[in-house]
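Structural description and commentary
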Amino acid sequence: EDQVTQSPEALRLQEGESSSLNCSYTVSGLRGLFWYRQDPGKGPEFLFTLYSAGEEKEKERLKATLTKKESFLHITAPKPEDSATYLCAVPLINAGGTSYGKLTFGQGTILTVHP
Amino acid sequence: EPEVTQTPSHQVTQMGQEVILRCVPISNHLYFYWYRQILGQKVEFLVSFYNNEISEKSEIFDDQFSVERPDGSNFTLKIRSTKLEDSAMYFCASRTGLAYAKNIQYFGAGTRLSVL
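Residues numbered from 1 in each chain as written. Chains lettered and ligands numbered in written order. Predicted model: local features only at pLDDT ≥ 70, side-chain atom pairs only at ≥ 80, totals over all residues. Heavy atoms only, no water.

1. Things to note about the environment of Gln17 of chain B
Basically, it comes down to this: What counts as a helix is a DSSP run of H or I of at least four residues, what counts as a strand is a run of E of at least two, and both are numbered from the N terminus.
Within the secondary structure layout, Gln17 of chain B lies in the loop between strand E2 (10–13) and strand E3 (19–24). Gln17 of chain B sits 31 residues away from Ser48 of chain B along the chain, and the two C-alpha atoms are 24 Å apart.

Here it is as structure tokens:
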């Protein structure tokens, strides 16, 4: 069964304390992996998309990497405004072998950065 | 910057009532989606819509649910007879479908549906 699992469920960091979030997936025929940020009571906000093993993307203090089985979101010297839930998602291919982009999400990692 | 707009932000309804959640996707987008997120749980896919028809739907999307793109700009989700378990955040998303855009889906801020 196709699955997306994120760890840890929650992460508390001090400002400036770097760390990584993990997203592991078991899907056949990966067609991209997406990272989103979600603030409380808001919709997911797109951060990155990765398509092939070894690919890396960076944005400010965030860097996303992809292997054949997992993706990491590295946070370097985080600030309190980086506090949010970080979601990982992959598009699934249906039984007919097509994909209309249906995303399956992990349960998210709740990141709290203390000043 | 273009964005997906959802209204209302919060809808309160009585069990058994019909509700319509509204979305205005980004104007040049061709694929439209509804997802929901029950409090404390994962974001779940409900339905995808392309070329004026449903392209895919989940097990959650039963006969009580319907979607429509009535006028080329709005995209609506109707729940005919709401149940307590329909209480959730409902997110609309859209994407262009063009290769350069890499299938990125953009989400609205959501409608919080509370069924009493």
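2. Comments concerning unusual backbone geometry
Cis geometry is found at the peptide bond from Ser7 of chain A to Pro8 of chain A, where omega equals -10°. Within the secondary structure, Pro8 of chain A is located in the loop between strand E1 (3–7) and strand E2 (10–14). Following Thr7 of chain B, the chain continues to Pro8 of chain B via a peptide bond in cis, the omega torsion being -10°. Here Pro8 of chain B is to be found in the loop between strand E1 (5–7) and E2. In this structure, Glu60 of chain A takes a positive phi of about 55° despite not being glycine. You will see that Asn52 of chain B, though not glycine, has its phi angle at about 65°, which is positive. On the secondary structure map, Asn52 of chain B appears in the loop between strand E5 (43–50) and strand E6 (53–57).

3. Quick notes on the sheet that holds strand E7 (residues 65–68) of chain B
All names here are of chain B. Inclusion rule: When DSSP finds two or more bridges between two strands, those strands count as paired. Simply put, an axis is a line fit to the C-alpha atoms, just over the touching stretch for a helix, and the angle between two N-to-C directions goes from 0 to 180 degrees.
Here we have four strands laid out as an open sheet, ordered E1-E3-E8-E7, and antiparallel in their pairing. What marks the edges here is a single partner per strand, and that holds for E1 and E7. Recorded for the sheet is a direction-independent mean angle of 20° between the axes of neighbouring strands. Sheet topology note: the E1/E3 ladder contains three bridges and is antiparallel. Bridge assignment links Gln6 to a residue of E3, and that residue is Cys23.

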